[in-house]
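Structural characterization, general
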Amino acid sequence: MRFFGTTWVDHDGGYALRRAGVAVGSLAAAVAGCLVLRFGYQGLEVAKVGGFVNTLVIVMFAICSAIAFRKTWEGFSRRPADPAREESLRSLKAIGFIGSLLAYFFRSLTEAPGEKLRRTEYETAVAQFEKRRNTRAGNPSARKKPKPRRR
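Residues numbered from 1 in each chain as written. Predicted model: local features only at pLDDT ≥ 70, side-chain atom pairs only at ≥ 80, totals over all residues. Heavy atoms only, no water.

Considering the packing of aromatic side chains
Scanning the model with the defined rule gives five aromatic pairs in all. When the centroid spacing of 6.4 Å and the interplanar angle of 70° are considered together, the rings of tryptophan 73 and phenylalanine 76 count as edge-to-face. Look at tryptophan 73 and you get partly exposed, because its relative accessible area is 33%. Overall, phenylalanine 76 belongs to the buried group, its relative accessible area being 8%. An aromatic cluster is present here, built from Phe69, Trp73, Phe76, Tyr104, Phe105 and Phe106 joined pairwise through their rings. Against the face of tryptophan 73 rests arginine 107, its NZ or CZ located 4.4 Å from the ring centre. (Phe/Tyr/Trp six-rings, centres within 6.5 Å; stacked < 30°, edge-to-face > 60°. Buried < 20%, exposed > 50% of the residue type's maximum accessible area, 1.4 Å probe, protein only. Lys NZ or Arg CZ within 6 Å of the ring centre and 35° of its normal.)

This is the structure:
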C-alpha cells in the first residue's frame, strides 16, 4: 500500500497506472535479483567449492523463496497471528527476497497488494463509526428518567 496512498479507497488518482507500475517494478526487481544470484553462483563455480555446496545454495534459495512467497502472500489477506514469529522469519524472507517480489507482482495484477485487508478494516471502522454516531441521543439531561418501581 506504500505506493498507493489513499487511491485504493475509490480507485482514483492514477490507481490503475500505479498498479501497473508496481507490477512492472516488482517483476524487474525480481529479474535483477535473479541476475545477482546468478553472479553469486558463478562465483561459487569459479571458486570450485564443489557440487555439494552448489546444490546446497540452490536448494536453500529455492526453499527460502518459497517460504517468503507464501508468507508475503498470506500477509496480503490477514494480519499475522503471532508478530514475534513473523519477526523471526524476517531474515528468511530477506534471503528469499525473490519469492516476496514475485508475490508482490502477482498480487498487483489483481489489486493493490494488501488492498483487500485494508478495505475490510476500513469498512469495519466506518461501520463502527456510523453505529456510534447514530446511537447518540443529543442532550443527556433531556432523556427520560426511568420510573421507580412500586412495591
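Observations regarding the layout of surface pockets
Roughly 180 Å³ of internal volume is contained in the second largest pocket. Lining of the second largest pocket is provided by Cys34, Leu37, Arg38, Gly40, Tyr41, Leu44, Val57, Ile58, Phe61, Ala62 and Ile98. Elements with a contribution of two residues or more to the lining of the second largest pocket: α2 (15-47) and α3 (51-75). A per-element tally of the lining of the second largest pocket places α2 first, with six residues. Classifying every residue of the lining of the second largest pocket gives nine nonpolar, one polar and one charged. (1 Å grid on protein atoms, 1.4 Å probe; cavity = no way out; pocket = protein on both sides within 12 Å on 5 of 7 lines; lining within 4 Å. Points joined across faces, edges and corners; volume = space filled by probe spheres on them. Helix = DSSP H or I, 4+ residues; strand = E, 2+ residues; numbered from the N terminus. Nonpolar A, V, L, I, M, F, W, Y, C, P; charged D, E, K, R; others polar.)

Considering the confidence of the model for the protein chain
In this model, the protein chain carries an average pLDDT of 81, and 85% of its residues clear a pLDDT of 70 or more. By mean pLDDT, helix α1 (residues 7-10) is the weakest element of the protein chain at 61, and helix α6 (residues 97-108) is the strongest at 90. (pLDDT = per-residue confidence, 0-100.)

Re the packing of α2 against α3
Where α2 contacts α3, the two axes come as close as 10 Å, and the packing angle between them is 160°. Between α2 and α3, the angle is such that the two are roughly antiparallel. Of the two possible hands of crossing, α2 and α3 adopt the one that is right-handed. The residues of α3 that touch α2, namely those facing Leu37, Tyr41, Leu44 and Glu45, are Asn54, Val57, Ile58 and Phe61. (Axes fitted to C-alpha atoms, helices over the stretch in contact; angles between N-to-C directions. Parallel < 35°, antiparallel > 145°, perpendicular 65-115°, else oblique. Left-handed = near helix turned anticlockwise from the far one by under 90°. Contact = heavy atoms within 4.5 Å.)

Thoughts on the side chain of arginine 107
By the secondary structure assignment, arginine 107 is in helix α6. Note on arginine 107: relative accessible area 11%, which makes it buried. Excluding its chain neighbours within four sequence positions, the residues that come into contact with arginine 107 are Trp73, Phe76, Ser77 and Pro113.

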